[in-house]
Protein chains: 2
Amino acid sequence: MQANLQQDESRSPRYYRIYQALLSDIQQGSLKPGDVLPSEMHIAQSYGVAPGTARKAIDMLVDRGWVERQHGKGTFVRRADFSHSLARFFRLTDREGVQLHPKSELLDIRVVPGTTDICRHLDLSDDSELIEIERVRRVDEMPLLHEIIYLSQVRFQALLNLPPDAWGDLLYPLYEQVCGEVVFRATDTLSAGPVPASPAHHLGLSPGAQVIEIARLARGYDERPLEWRLSRGRLDWFHYSFDIR
Amino acid sequence: MQANLQQDESRSPRYYRIYQALLSDIQQGSLKPGDVLPSEMHIAQSYGVAPGTARKAIDMLVDRGWVERQHGKGTFVRRADFSHSLARFFRLTDREGVQLHPKSELLDIRVVPGTTDICRHLDLSDDSELIEIERVRRVDEMPLLHEIIYLSQVRFQALLNLPPDAWGDLLYPLYEQVCGEVVFRATDTLSAGPVPASPAHHLGLSPGAQVIEIARLARGYDERPLEWRLSRGRLDWFHYSFDIR
DNA sequence: CAGTGGTCTAGACCACACC
DNA sequence: GTGTGGTCTAGACCACTGA
(Lines give C-alpha, C1' and ligand atoms only; values in the text may rest on other atoms or scores of the structure.)
Protein backbone atom coordinates (compact mmCIF):
# COMPACT_ATOMS: atom_id res chain seq x y z
CA MET A 1 0.00 0.00 0.00
CA GLN A 2 2.69 2.55 -0.58
CA ALA A 3 0.57 4.37 -3.13
CA ASN A 4 2.30 7.51 -1.95
CA LEU A 5 5.49 6.67 -3.71
CA GLN A 6 3.93 6.98 -7.10
CA GLN A 7 2.29 10.30 -6.74
CA ASP A 8 4.63 13.13 -7.45
CA GLU A 9 7.11 12.83 -10.24
CA SER A 10 4.93 10.45 -12.11
CA ARG A 11 2.19 11.70 -14.25
CA SER A 12 2.92 8.66 -16.41
CA PRO A 13 1.97 5.11 -15.43
CA ARG A 14 4.52 2.82 -13.85
CA TYR A 15 4.59 0.36 -16.73
CA TYR A 16 5.46 3.24 -19.03
CA ARG A 17 8.34 4.43 -16.86
CA ILE A 18 9.69 0.89 -16.68
CA TYR A 19 9.37 0.63 -20.47
CA GLN A 20 11.33 3.86 -20.88
CA ALA A 21 14.00 2.69 -18.45
CA LEU A 22 14.50 -0.61 -20.25
CA LEU A 23 14.44 1.06 -23.67
CA SER A 24 17.05 3.50 -22.48
CA ASP A 25 19.21 0.57 -21.33
CA ILE A 26 18.96 -0.85 -24.84
CA GLN A 27 19.62 2.41 -26.66
CA GLN A 28 22.52 3.34 -24.37
CA GLY A 29 24.01 -0.07 -24.96
CA SER A 30 24.02 -1.47 -21.42
CA LEU A 31 21.65 -4.09 -22.83
CA LYS A 32 23.15 -5.24 -26.12
CA PRO A 33 21.58 -7.12 -29.00
CA GLY A 34 21.36 -10.79 -28.03
CA ASP A 35 21.45 -10.06 -24.30
CA VAL A 36 18.76 -11.55 -22.10
CA LEU A 37 16.65 -9.17 -20.05
CA PRO A 38 16.11 -9.81 -16.34
CA SER A 39 13.14 -12.11 -15.85
CA GLU A 40 9.69 -10.63 -15.41
CA MET A 41 9.70 -11.45 -11.71
CA HIS A 42 13.12 -9.91 -11.32
CA ILE A 43 12.08 -6.70 -13.05
CA ALA A 44 8.90 -6.55 -10.98
CA GLN A 45 10.82 -6.89 -7.73
CA SER A 46 13.61 -4.49 -8.63
CA TYR A 47 11.12 -1.79 -9.63
CA GLY A 48 8.77 -2.65 -6.77
CA VAL A 49 5.70 -3.42 -8.87
CA ALA A 50 3.42 -6.38 -9.44
CA PRO A 51 4.47 -8.92 -12.09
CA GLY A 52 1.61 -7.87 -14.35
CA THR A 53 2.90 -4.33 -14.44
CA ALA A 54 6.43 -5.37 -15.35
CA ARG A 55 4.96 -7.65 -17.98
CA LYS A 56 3.05 -4.80 -19.54
CA ALA A 57 6.26 -2.78 -19.87
CA ILE A 58 7.89 -5.72 -21.63
CA ASP A 59 4.81 -6.07 -23.85
CA MET A 60 5.50 -2.56 -25.11
CA LEU A 61 9.11 -3.41 -25.95
CA VAL A 62 7.90 -6.51 -27.82
CA ASP A 63 5.21 -4.59 -29.72
CA ARG A 64 7.73 -2.00 -30.84
CA GLY A 65 10.21 -4.63 -31.95
CA TRP A 66 12.97 -4.03 -29.40
CA VAL A 67 12.96 -7.43 -27.72
CA GLU A 68 11.76 -10.96 -28.39
CA ARG A 69 10.28 -13.44 -25.96
CA GLN A 70 11.38 -17.06 -25.97
CA HIS A 71 9.06 -19.23 -23.96
CA GLY A 72 10.91 -21.03 -21.21
CA LYS A 73 14.20 -19.25 -21.92
CA GLY A 74 13.84 -15.54 -21.44
CA THR A 75 13.38 -12.23 -23.20
CA PHE A 76 16.16 -11.10 -25.51
CA VAL A 77 17.23 -7.84 -27.11
CA ARG A 78 16.65 -8.22 -30.83
CA ARG A 79 19.63 -8.15 -33.08
CA ALA A 80 19.36 -5.53 -35.77
CA ASP A 81 18.71 -8.13 -38.38
CA PHE A 82 20.50 -6.90 -41.44
CA SER A 83 19.57 -9.90 -43.46
CA HIS A 84 16.30 -7.97 -43.55
CA SER A 85 17.79 -4.52 -43.99
CA LEU A 86 17.87 -5.08 -47.72
CA ALA A 87 14.25 -6.17 -47.90
CA ARG A 88 13.26 -3.20 -45.79
CA PHE A 89 15.03 -0.40 -47.58
CA PHE A 90 15.72 -1.67 -51.07
CA ARG A 91 12.53 -1.81 -53.07
CA LEU A 92 13.65 -2.42 -56.63
CA THR A 93 12.19 -5.58 -58.07
CA ASP A 94 12.23 -7.46 -61.34
CA ARG A 95 9.40 -7.38 -63.83
CA GLU A 96 7.42 -9.93 -61.78
CA GLY A 97 7.75 -8.04 -58.52
CA VAL A 98 10.48 -10.25 -57.06
CA GLN A 99 13.00 -8.53 -54.81
CA LEU A 100 16.44 -7.94 -56.35
CA HIS A 101 19.75 -8.49 -54.54
CA PRO A 102 22.27 -6.06 -55.97
CA LYS A 103 26.01 -5.99 -55.53
CA SER A 104 27.55 -2.65 -54.63
CA GLU A 105 30.74 -1.13 -56.00
CA LEU A 106 32.27 1.82 -54.19
CA LEU A 107 33.45 4.38 -56.72
CA ASP A 108 34.60 7.20 -54.51
CA ILE A 109 34.46 8.59 -50.98
CA ARG A 110 35.63 12.11 -50.15
CA VAL A 111 34.97 15.14 -47.97
CA VAL A 112 33.24 18.03 -49.72
CA PRO A 113 31.79 21.36 -48.61
CA GLY A 114 28.05 21.01 -48.23
CA THR A 115 25.60 22.84 -50.45
CA THR A 116 22.86 24.83 -48.74
CA ASP A 117 20.25 22.44 -50.05
CA ILE A 118 21.78 19.25 -48.74
CA CYS A 119 22.84 20.74 -45.41
CA ARG A 120 19.30 21.87 -44.83
CA HIS A 121 17.98 18.37 -45.51
CA LEU A 122 20.46 17.03 -42.97
CA ASP A 123 19.69 19.73 -40.37
CA LEU A 124 23.26 21.00 -40.50
CA SER A 125 24.54 24.56 -40.69
CA ASP A 126 25.06 25.75 -44.25
CA ASP A 127 28.85 25.57 -44.26
CA SER A 128 29.22 22.06 -42.81
CA GLU A 129 31.64 19.62 -44.38
CA LEU A 130 30.03 16.46 -45.72
CA ILE A 131 31.16 12.99 -46.66
CA GLU A 132 30.19 12.19 -50.23
CA ILE A 133 30.01 8.57 -51.34
CA GLU A 134 29.49 7.45 -54.91
CA ARG A 135 28.39 3.88 -55.65
CA VAL A 136 27.05 1.68 -58.41
CA ARG A 137 24.67 -1.18 -57.62
CA ARG A 138 24.60 -4.07 -60.05
CA VAL A 139 22.52 -7.18 -60.60
CA ASP A 140 24.18 -9.74 -62.85
CA GLU A 141 26.72 -7.12 -63.86
CA MET A 142 23.92 -4.88 -65.14
CA PRO A 143 24.29 -1.44 -63.54
CA LEU A 144 20.89 -0.88 -61.95
CA LEU A 145 21.45 2.23 -59.86
CA HIS A 146 23.97 5.01 -59.48
CA GLU A 147 23.99 6.50 -55.97
CA ILE A 148 25.39 9.65 -54.43
CA ILE A 149 25.22 9.72 -50.65
CA TYR A 150 25.82 12.60 -48.22
CA LEU A 151 26.58 12.19 -44.52
CA SER A 152 27.63 14.50 -41.71
CA GLN A 153 31.41 14.47 -41.64
CA VAL A 154 31.38 14.75 -37.84
CA ARG A 155 29.18 11.75 -37.15
CA PHE A 156 30.49 9.47 -39.89
CA GLN A 157 34.21 10.28 -39.85
CA ALA A 158 35.10 6.67 -39.05
CA LEU A 159 34.02 5.66 -42.56
CA LEU A 160 36.94 7.60 -44.04
CA ASN A 161 39.49 5.21 -42.53
CA LEU A 162 37.84 2.01 -43.68
CA PRO A 163 39.89 -0.28 -45.92
CA PRO A 164 38.26 -0.84 -49.30
CA ASP A 165 37.48 -4.49 -48.58
CA ALA A 166 35.41 -3.52 -45.53
CA TRP A 167 32.71 -2.07 -47.76
CA GLY A 168 30.03 -4.65 -48.36
CA ASP A 169 26.83 -4.42 -50.35
CA LEU A 170 24.88 -2.61 -47.63
CA LEU A 171 25.71 0.70 -46.01
CA TYR A 172 23.25 0.74 -43.11
CA PRO A 173 24.90 -2.15 -41.24
CA LEU A 174 28.19 -0.31 -41.70
CA TYR A 175 26.73 2.88 -40.27
CA GLU A 176 25.75 0.97 -37.17
CA GLN A 177 28.86 -1.12 -36.70
CA VAL A 178 31.42 1.54 -37.54
CA CYS A 179 29.70 4.77 -36.50
CA GLY A 180 27.00 3.64 -34.06
CA GLU A 181 24.28 5.29 -36.13
CA VAL A 182 21.14 3.24 -36.77
CA VAL A 183 18.80 4.00 -39.65
CA PHE A 184 15.27 3.61 -38.35
CA ARG A 185 13.11 5.01 -41.13
CA ALA A 186 13.41 6.80 -44.44
CA THR A 187 11.35 8.85 -46.86
CA ASP A 188 11.75 8.13 -50.56
CA THR A 189 10.60 10.56 -53.23
CA LEU A 190 10.57 9.30 -56.81
CA SER A 191 10.67 11.46 -59.90
CA ALA A 192 12.16 11.51 -63.37
CA GLY A 193 14.77 13.77 -64.89
CA PRO A 194 17.75 14.06 -67.22
CA VAL A 195 20.87 12.21 -66.16
CA PRO A 196 24.15 14.06 -65.41
CA ALA A 197 27.45 12.96 -66.88
CA SER A 198 28.87 10.64 -64.22
CA PRO A 199 25.73 8.56 -63.58
CA ALA A 200 25.13 8.44 -67.34
CA HIS A 201 28.53 6.89 -67.84
CA HIS A 202 28.06 4.22 -65.19
CA LEU A 203 24.52 3.37 -66.29
CA GLY A 204 25.50 3.07 -69.95
CA LEU A 205 23.39 6.04 -71.07
CA SER A 206 24.11 9.14 -73.08
CA PRO A 207 24.07 12.34 -70.96
CA GLY A 208 20.64 13.96 -70.85
CA ALA A 209 18.68 10.73 -71.20
CA GLN A 210 15.71 10.37 -68.86
CA VAL A 211 16.28 8.43 -65.65
CA ILE A 212 14.36 7.70 -62.47
CA GLU A 213 15.58 9.64 -59.46
CA ILE A 214 15.00 8.34 -55.96
CA ALA A 215 15.73 10.96 -53.31
CA ARG A 216 15.95 9.54 -49.81
CA LEU A 217 16.21 11.11 -46.40
CA ALA A 218 17.04 8.48 -43.77
CA ARG A 219 16.56 9.14 -40.05
CA GLY A 220 17.63 7.59 -36.75
CA TYR A 221 15.55 6.50 -33.76
CA ASP A 222 15.31 10.07 -32.57
CA GLU A 223 14.16 11.35 -35.97
CA ARG A 224 17.45 13.15 -36.62
CA PRO A 225 18.35 13.12 -40.34
CA LEU A 226 21.32 10.83 -40.90
CA GLU A 227 21.73 10.40 -44.63
CA TRP A 228 20.71 12.18 -47.81
CA ARG A 229 20.87 9.97 -50.89
CA LEU A 230 20.15 10.46 -54.57
CA SER A 231 19.84 7.26 -56.62
CA ARG A 232 19.39 7.22 -60.37
CA GLY A 233 18.28 4.26 -62.46
CA ARG A 234 17.52 3.41 -66.07
CA LEU A 235 13.87 3.67 -66.97
CA ASP A 236 13.86 0.36 -68.78
CA TRP A 237 14.97 -1.68 -65.76
CA PHE A 238 12.99 0.21 -63.19
CA HIS A 239 10.42 -1.61 -61.01
CA TYR A 240 9.64 -0.33 -57.56
CA SER A 241 7.10 -1.95 -55.28
CA PHE A 242 5.56 -1.45 -51.86
CA ASP A 243 2.46 -1.62 -49.68
CA ILE A 244 0.04 1.07 -48.61
CA ARG A 245 -2.05 0.51 -45.49
CA MET B 1 2.64 -39.04 -20.09
CA GLN B 2 -0.99 -38.22 -20.42
CA ALA B 3 -1.94 -36.60 -23.60
CA ASN B 4 -2.96 -33.40 -21.94
CA LEU B 5 -5.07 -32.25 -24.75
CA GLN B 6 -7.09 -30.15 -22.40
CA GLN B 7 -10.05 -31.13 -24.49
CA ASP B 8 -10.84 -27.48 -24.57
CA GLU B 9 -12.19 -27.40 -28.01
CA SER B 10 -9.60 -24.68 -28.41
CA ARG B 11 -5.87 -24.71 -28.36
CA SER B 12 -6.05 -20.94 -28.45
CA PRO B 13 -6.32 -18.71 -25.37
CA ARG B 14 -9.62 -17.26 -24.29
CA TYR B 15 -8.67 -13.66 -24.98
CA TYR B 16 -7.86 -14.68 -28.53
CA ARG B 17 -11.19 -16.38 -29.07
CA ILE B 18 -12.98 -13.31 -27.71
CA TYR B 19 -10.90 -11.13 -30.04
CA GLN B 20 -11.91 -13.29 -33.00
CA ALA B 21 -15.58 -13.21 -32.01
CA LEU B 22 -15.63 -9.41 -31.73
CA LEU B 23 -13.66 -8.98 -34.96
CA SER B 24 -16.10 -11.24 -36.72
CA ASP B 25 -18.98 -9.08 -35.42
CA ILE B 26 -17.27 -6.06 -36.97
CA GLN B 27 -16.46 -7.72 -40.27
CA GLN B 28 -19.92 -9.27 -40.60
CA GLY B 29 -21.43 -5.87 -39.92
CA SER B 30 -23.38 -6.59 -36.73
CA LEU B 31 -21.04 -4.02 -35.16
CA LYS B 32 -20.90 -1.08 -37.57
CA PRO B 33 -18.44 1.79 -37.79
CA GLY B 34 -19.28 4.28 -35.04
CA ASP B 35 -21.08 1.69 -32.88
CA VAL B 36 -20.06 1.35 -29.27
CA LEU B 37 -18.86 -2.06 -28.08
CA PRO B 38 -20.30 -3.60 -24.92
CA SER B 39 -18.34 -2.40 -21.89
CA GLU B 40 -15.36 -4.41 -20.70
CA MET B 41 -17.32 -5.70 -17.71
CA HIS B 42 -20.20 -6.65 -19.93
CA ILE B 43 -17.97 -8.55 -22.33
CA ALA B 44 -16.23 -10.29 -19.43
CA GLN B 45 -19.52 -11.43 -17.94
CA SER B 46 -21.11 -12.51 -21.18
CA TYR B 47 -18.07 -14.61 -22.12
CA GLY B 48 -17.60 -15.78 -18.54
CA VAL B 49 -14.02 -14.53 -18.06
CA ALA B 50 -12.23 -12.11 -15.77
CA PRO B 51 -12.23 -8.43 -16.77
CA GLY B 52 -8.51 -8.52 -17.51
CA THR B 53 -9.04 -11.23 -20.08
CA ALA B 54 -11.79 -9.32 -21.87
CA ARG B 55 -9.61 -6.24 -21.76
CA LYS B 56 -6.76 -8.09 -23.43
CA ALA B 57 -9.05 -9.08 -26.29
CA ILE B 58 -10.05 -5.44 -26.74
CA ASP B 59 -6.37 -4.45 -26.59
CA MET B 60 -5.81 -6.60 -29.67
CA LEU B 61 -8.61 -4.87 -31.55
CA VAL B 62 -7.16 -1.49 -30.60
CA ASP B 63 -3.63 -2.48 -31.62
CA ARG B 64 -4.85 -3.64 -35.01
CA GLY B 65 -6.83 -0.48 -35.59
CA TRP B 66 -10.36 -1.90 -35.51
CA VAL B 67 -11.69 0.01 -32.51
CA GLU B 68 -10.86 3.12 -30.52
CA ARG B 69 -11.15 3.66 -26.79
CA GLN B 70 -12.66 6.85 -25.40
CA HIS B 71 -11.96 7.21 -21.72
CA GLY B 72 -15.19 7.54 -19.76
CA LYS B 73 -17.39 6.95 -22.81
CA GLY B 74 -16.76 3.55 -24.28
CA THR B 75 -14.98 1.65 -27.06
CA PHE B 76 -16.08 2.40 -30.61
CA VAL B 77 -15.71 0.71 -33.97
CA ARG B 78 -13.47 2.93 -36.08
CA ARG B 79 -14.90 4.61 -39.11
CA ALA B 80 -12.98 4.14 -42.32
CA ASP B 81 -11.94 7.75 -42.43
CA PHE B 82 -12.29 8.88 -45.99
CA SER B 83 -11.32 12.42 -45.26
CA HIS B 84 -7.92 10.76 -45.18
CA SER B 85 -8.47 8.38 -48.02
CA LEU B 86 -6.76 10.71 -50.44
CA ALA B 87 -3.73 11.24 -48.24
CA ARG B 88 -3.52 7.51 -47.66
CA PHE B 89 -3.76 6.20 -51.20
CA PHE B 90 -2.79 9.08 -53.45
CA ARG B 91 0.93 9.68 -53.25
CA LEU B 92 1.65 12.07 -56.09
CA THR B 93 3.22 15.30 -54.88
CA ASP B 94 4.54 18.52 -56.36
CA ARG B 95 8.23 19.24 -56.79
CA GLU B 96 8.56 20.19 -53.12
CA GLY B 97 6.90 17.02 -51.83
CA VAL B 98 3.53 18.62 -51.06
CA GLN B 99 0.50 16.41 -51.52
CA LEU B 100 -1.60 17.14 -54.62
CA HIS B 101 -5.40 17.21 -54.70
CA PRO B 102 -6.48 16.17 -58.17
CA LYS B 103 -9.91 16.46 -59.77
CA SER B 104 -11.22 13.33 -61.47
CA GLU B 105 -13.05 13.15 -64.77
CA LEU B 106 -14.88 9.95 -65.65
CA LEU B 107 -14.27 9.12 -69.29
CA ASP B 108 -16.00 5.78 -69.63
CA ILE B 109 -17.48 2.88 -67.69
CA ARG B 110 -18.41 -0.39 -69.36
CA VAL B 111 -18.56 -4.14 -68.92
CA VAL B 112 -15.81 -6.08 -70.69
CA PRO B 113 -14.71 -9.71 -70.81
CA GLY B 114 -11.73 -10.15 -68.49
CA THR B 115 -8.28 -11.02 -69.74
CA THR B 116 -6.53 -13.96 -68.11
CA ASP B 117 -3.96 -11.65 -66.60
CA ILE B 118 -6.35 -9.28 -64.89
CA CYS B 119 -8.74 -12.01 -63.73
CA ARG B 120 -5.84 -13.79 -62.10
CA HIS B 121 -4.84 -10.62 -60.23
CA LEU B 122 -8.42 -10.30 -59.00
CA ASP B 123 -8.71 -13.99 -58.04
CA LEU B 124 -11.54 -14.53 -60.53
CA SER B 125 -12.06 -17.32 -63.02
CA ASP B 126 -10.58 -16.58 -66.42
CA ASP B 127 -13.84 -15.85 -68.21
CA SER B 128 -15.34 -13.45 -65.67
CA GLU B 129 -16.93 -10.23 -66.82
CA LEU B 130 -15.31 -7.10 -65.47
CA ILE B 131 -16.24 -3.47 -65.04
CA GLU B 132 -13.72 -1.21 -66.75
CA ILE B 133 -13.49 2.43 -65.71
CA GLU B 134 -11.40 5.02 -67.50
CA ARG B 135 -10.54 8.30 -65.75
CA VAL B 136 -8.32 11.33 -66.03
CA ARG B 137 -7.06 13.09 -62.91
CA ARG B 138 -6.15 16.74 -63.25
CA VAL B 139 -4.53 19.39 -61.11
CA ASP B 140 -5.18 22.93 -62.32
CA GLU B 141 -6.49 21.48 -65.59
CA MET B 142 -3.15 19.76 -66.21
CA PRO B 143 -3.80 16.06 -66.87
CA LEU B 144 -1.62 14.34 -64.29
CA LEU B 145 -2.73 10.72 -64.55
CA HIS B 146 -4.70 8.49 -66.87
CA GLU B 147 -6.28 5.54 -65.05
CA ILE B 148 -7.83 2.28 -66.16
CA ILE B 149 -9.59 0.39 -63.38
CA TYR B 150 -10.94 -3.17 -63.31
CA LEU B 151 -13.51 -4.48 -60.83
CA SER B 152 -15.51 -7.66 -60.43
CA GLN B 153 -18.79 -7.11 -62.27
CA VAL B 154 -20.62 -9.17 -59.65
CA ARG B 155 -19.50 -7.24 -56.62
CA PHE B 156 -19.54 -3.74 -58.13
CA GLN B 157 -22.62 -3.92 -60.33
CA ALA B 158 -24.26 -1.04 -58.46
CA LEU B 159 -21.71 1.35 -59.97
CA LEU B 160 -23.21 0.81 -63.43
CA ASN B 161 -26.46 2.53 -62.46
CA LEU B 162 -24.89 5.61 -60.91
CA PRO B 163 -25.82 8.97 -62.45
CA PRO B 164 -22.79 10.83 -63.81
CA ASP B 165 -22.97 13.51 -61.12
CA ALA B 166 -22.60 10.90 -58.37
CA TRP B 167 -18.99 10.32 -59.35
CA GLY B 168 -16.74 12.46 -57.17
CA ASP B 169 -12.98 12.72 -57.15
CA LEU B 170 -12.44 9.58 -55.09
CA LEU B 171 -13.53 6.06 -55.92
CA TYR B 172 -12.87 4.27 -52.62
CA PRO B 173 -15.60 6.13 -50.68
CA LEU B 174 -17.94 5.25 -53.54
CA TYR B 175 -16.99 1.58 -53.35
CA GLU B 176 -17.96 1.60 -49.69
CA GLN B 177 -21.14 3.64 -49.89
CA VAL B 178 -22.54 2.12 -53.07
CA CYS B 179 -21.18 -1.43 -53.02
CA GLY B 180 -20.24 -2.02 -49.37
CA GLU B 181 -16.66 -2.86 -50.31
CA VAL B 182 -13.93 -1.26 -48.20
CA VAL B 183 -10.38 -0.86 -49.48
CA PHE B 184 -8.06 -1.70 -46.62
CA ARG B 185 -4.65 -1.88 -48.21
CA ALA B 186 -2.99 -1.78 -51.60
CA THR B 187 0.26 -2.70 -53.31
CA ASP B 188 1.69 -0.24 -55.81
CA THR B 189 4.33 -1.22 -58.33
CA LEU B 190 5.99 1.57 -60.28
CA SER B 191 7.76 1.19 -63.59
CA ALA B 192 8.23 3.00 -66.89
CA GLY B 193 7.07 2.15 -70.36
CA PRO B 194 5.75 3.43 -73.68
CA VAL B 195 2.28 4.97 -73.59
CA PRO B 196 -0.65 3.48 -75.59
CA ALA B 197 -2.87 5.64 -77.77
CA SER B 198 -5.73 6.57 -75.44
CA PRO B 199 -3.66 7.61 -72.42
CA ALA B 200 -1.29 9.44 -74.76
CA HIS B 201 -4.14 11.50 -76.10
CA HIS B 202 -5.41 12.49 -72.67
CA LEU B 203 -1.97 13.24 -71.29
CA GLY B 204 -1.01 15.36 -74.28
CA LEU B 205 1.76 13.03 -75.45
CA SER B 206 2.57 11.38 -78.73
CA PRO B 207 1.98 7.60 -78.71
CA GLY B 208 5.06 5.65 -77.69
CA ALA B 209 6.48 8.35 -75.42
CA GLN B 210 7.80 7.11 -72.09
CA VAL B 211 5.44 7.34 -69.12
CA ILE B 212 5.38 6.21 -65.52
CA GLU B 213 3.10 3.25 -64.89
CA ILE B 214 1.64 2.63 -61.45
CA ALA B 215 0.04 -0.78 -61.16
CA ARG B 216 -2.10 -1.19 -58.06
CA LEU B 217 -3.82 -4.16 -56.49
CA ALA B 218 -6.21 -3.02 -53.74
CA ARG B 219 -7.58 -5.45 -51.16
CA GLY B 220 -10.36 -5.53 -48.54
CA TYR B 221 -10.22 -6.37 -44.84
CA ASP B 222 -10.15 -10.05 -45.61
CA GLU B 223 -7.29 -9.71 -48.10
CA ARG B 224 -9.53 -10.45 -51.07
CA PRO B 225 -8.44 -8.50 -54.17
CA LEU B 226 -11.01 -5.80 -54.95
CA GLU B 227 -9.52 -3.58 -57.63
CA TRP B 228 -6.83 -3.73 -60.28
CA ARG B 229 -5.71 -0.33 -61.51
CA LEU B 230 -3.19 0.88 -64.04
CA SER B 231 -2.31 4.57 -63.83
CA ARG B 232 -0.05 6.34 -66.29
CA GLY B 233 1.54 9.75 -65.83
CA ARG B 234 3.89 12.09 -67.65
CA LEU B 235 7.50 11.77 -66.59
CA ASP B 236 7.97 15.52 -66.31
CA TRP B 237 5.22 16.00 -63.70
CA PHE B 238 5.87 12.84 -61.78
CA HIS B 239 6.71 13.00 -58.05
CA TYR B 240 5.82 10.13 -55.77
CA SER B 241 6.61 10.11 -52.08
CA PHE B 242 6.27 7.81 -49.08
CA ASP B 243 7.80 6.47 -45.87
CA ILE B 244 9.72 3.29 -45.18
CA ARG B 245 9.83 1.98 -41.62
C1' DC C 1 -24.14 10.75 -9.53
C1' DA C 2 -23.34 6.07 -12.14
C1' DG C 3 -20.84 4.04 -15.87
C1' DT C 4 -16.80 3.77 -18.60
C1' DG C 5 -12.01 2.87 -19.54
C1' DG C 6 -6.91 3.07 -17.26
C1' DT C 7 -3.89 1.31 -13.95
C1' DC C 8 -2.35 -1.97 -10.63
C1' DT C 9 -2.14 -5.80 -7.30
C1' DA C 10 -1.00 -10.52 -5.63
C1' DG C 11 -1.59 -14.27 -6.39
C1' DA C 12 -2.70 -19.03 -9.43
C1' DC C 13 -1.74 -22.72 -12.80
C1' DC C 14 0.12 -24.07 -17.26
C1' DA C 15 3.69 -24.97 -21.04
C1' DC C 16 8.30 -24.88 -22.36
C1' DA C 17 13.62 -25.09 -21.94
C1' DC C 18 17.44 -26.84 -19.71
C1' DC C 19 19.93 -29.51 -16.44
C1' DG D 1 13.83 -30.57 -10.78
C1' DT D 2 14.04 -25.17 -11.29
C1' DG D 3 13.26 -21.07 -13.81
C1' DT D 4 11.26 -18.93 -17.61
C1' DG D 5 7.38 -16.83 -20.14
C1' DG D 6 1.92 -17.44 -21.14
C1' DT D 7 -2.57 -17.25 -19.42
C1' DC D 8 -6.02 -16.06 -16.12
C1' DT D 9 -8.41 -14.59 -11.90
C1' DA D 10 -10.93 -11.38 -8.78
C1' DG D 11 -10.62 -7.92 -7.00
C1' DA D 12 -8.91 -2.53 -6.03
C1' DC D 13 -8.63 2.50 -6.90
C1' DC D 14 -8.25 6.25 -10.20
C1' DA D 15 -9.71 9.58 -14.07
C1' DC D 16 -12.90 10.83 -17.27
C1' DT D 17 -17.73 11.51 -19.30
C1' DG D 18 -22.34 12.79 -19.25
C1' DA D 19 -26.80 13.14 -17.19
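Residues numbered from 1 in each chain as written. Chains lettered and ligands numbered in written order. Predicted model: local features only at pLDDT ≥ 70, side-chain atom pairs only at ≥ 80, totals over all residues. Heavy atoms only, no water.

Colleague: What exactly am I supposed to notice about the sheet that holds strand S9 (residues 239-244) of chain B here?
Modeller: Strand pairing in a sheet takes place through backbone hydrogen bonds and is either antiparallel or parallel in direction. Read from one edge of the open sheet, seven strands run S3(A)-S4(A)-S5(A)-S8(A)-S7(A)-S6(A)-S9(B), paired in antiparallel fashion. Since the sheet does not close on itself, it has two edges, and those belong to strand S3 (103-113) of chain A together with S9 of chain B, each with one partner. Across the sheet, the mean angle separating the axes of adjacent strands is 20° when strand polarity is ignored. Lying over the sheet, helix H8 (residues 172-179) of chain A contacts strand S5 (142-152), strand S7 (210-219) and strand S8 (225-234) of chain A, oriented at roughly 150° with respect to S8 of chain A. (Pairing = 2+ DSSP bridges. Helix = DSSP H or I, 4+ residues; strand = E, 2+ residues; numbered from the N terminus. Axes fitted to C-alpha atoms, helices over the stretch in contact; angles between N-to-C directions. Contact = heavy atoms within 4.5 Å.)

Colleague: Got a minute to help me understand the interface of chain B and chain A in this structure?
Modeller: When the parts of a complex come together, some accessible area is lost, and that lost area is often used as the size of the interface. Across the contact, 25 residues belong to chain B and 25 residues belong to chain A. Summed over both sides, the interface of chain B with chain A buries roughly 2,400 Å², with 56% coming from carbon and sulfur. Applying the counting criterion to the chain B and chain A interface returns zero salt bridges. The interface formed by chain B and chain A holds four residue pairs in polar contact (both at pLDDT 80 or more) in total. Mapped by element, the contributors of at least two residues to the side of chain B that touches chain A are helix H4 (85-89), strand S6 (185-194), strand S7 (210-219) and S9 of chain B. The biggest single contributor to the side of chain B that touches chain A is S6 of chain B, with eight residues. Here the residues of the side of chain B that touches chain A sort into eleven nonpolar, six polar and eight charged. Where strand S6 (residues 185-194) of chain A and S9 of chain B come together, six bridges link them in antiparallel fashion. Residue Ser191 of chain A lies in a different strand from S9 of chain B, and its bridge partner there is His239 of chain B. (Buried area = accessible area lost by both parts, 1.4 Å probe. Salt bridge = Lys/Arg side-chain N within 4 Å of Asp/Glu carboxyl O. Polar contact = N/O pair within 3.5 Å; in protein donor to acceptor, adjacent residues only side chain to side chain. Nonpolar A, V, L, I, M, F, W, Y, C, P; charged D, E, K, R; others polar.)

Colleague: What am I meant to see in helix H4 (residues 51-63) of chain A here?
Modeller: In an α-helix, one turn spans 3.6 residues, which is why side chains three or four residues apart end up on the same side. All names here are of chain A. For H4, spanning 13 residues, the distance from its first C-alpha to its last is 18 Å, which sits close to the expected 18 Å at 1.5 Å a residue. Along H4, the residues classified as buried are Ala54, Ala57, Ile58, Met60 and Leu61. The arc that holds the buried residues of H4, viewed along the axis, is 150°, so those residues lie on one side. Its buried side turned inward, H4 meets helix H2 (14-28), helix H3 (40-47), strand S1 (67-70) and strand S2 (74-77). After H4 finishes, the residue Gly65 shows a positive phi value of roughly 85°. (Expected span 1.5 Å × (residues − 1). Buried < 20%, exposed > 50% of the residue type's maximum accessible area, 1.4 Å probe, protein only. Arc of directions from axis to C-beta.)

Colleague: Would you explain the pattern of salt bridges in this entry?
Modeller: Proximity of charged atoms lets side chains of opposite charge pair with each other. Per the counting criterion, the structure on display carries 34 salt bridges over all chains. Notably, a salt bridge pairs Glu147 of chain B with Arg135 of chain B, separated by 2.8 Å at the nearest N-O pair. Pair noted here: Glu147 of chain B is in strand S5 (residues 142-152) and Arg135 of chain B is in strand S4 (residues 129-139), with a separation of twelve residues, a long-range link. Taken as a pair, Glu147 of chain B and Arg135 of chain B share a single burial class, namely buried. Connected through shared salt-bridge partners, Arg135, Arg137, Glu147, Glu227 and Arg229 of chain A make up one network.

Colleague: Help me understand the sheet that holds S4 of chain B in this model?
Modeller: Within the open sheet, the seven strands sit side by side as S9(A)-S6(B)-S7(B)-S8(B)-S5(B)-S4(B)-S3(B). Their pairing is antiparallel. The sheet is open, and its two borders are formed by strand S9 (239-244) of chain A together with strand S3 (103-113) of chain B, each paired with just one other strand. Going across the sheet, the axis of each strand differs from the next one's by a mean of 20°, ignoring polarity. Pairing of S3 of chain B with S4 of chain B, which is carried by ten bridges, proceeds in the antiparallel orientation. The residue bridging Val111 of chain B from the neighbouring strand is Ile131 of chain B, located in S4 of chain B.

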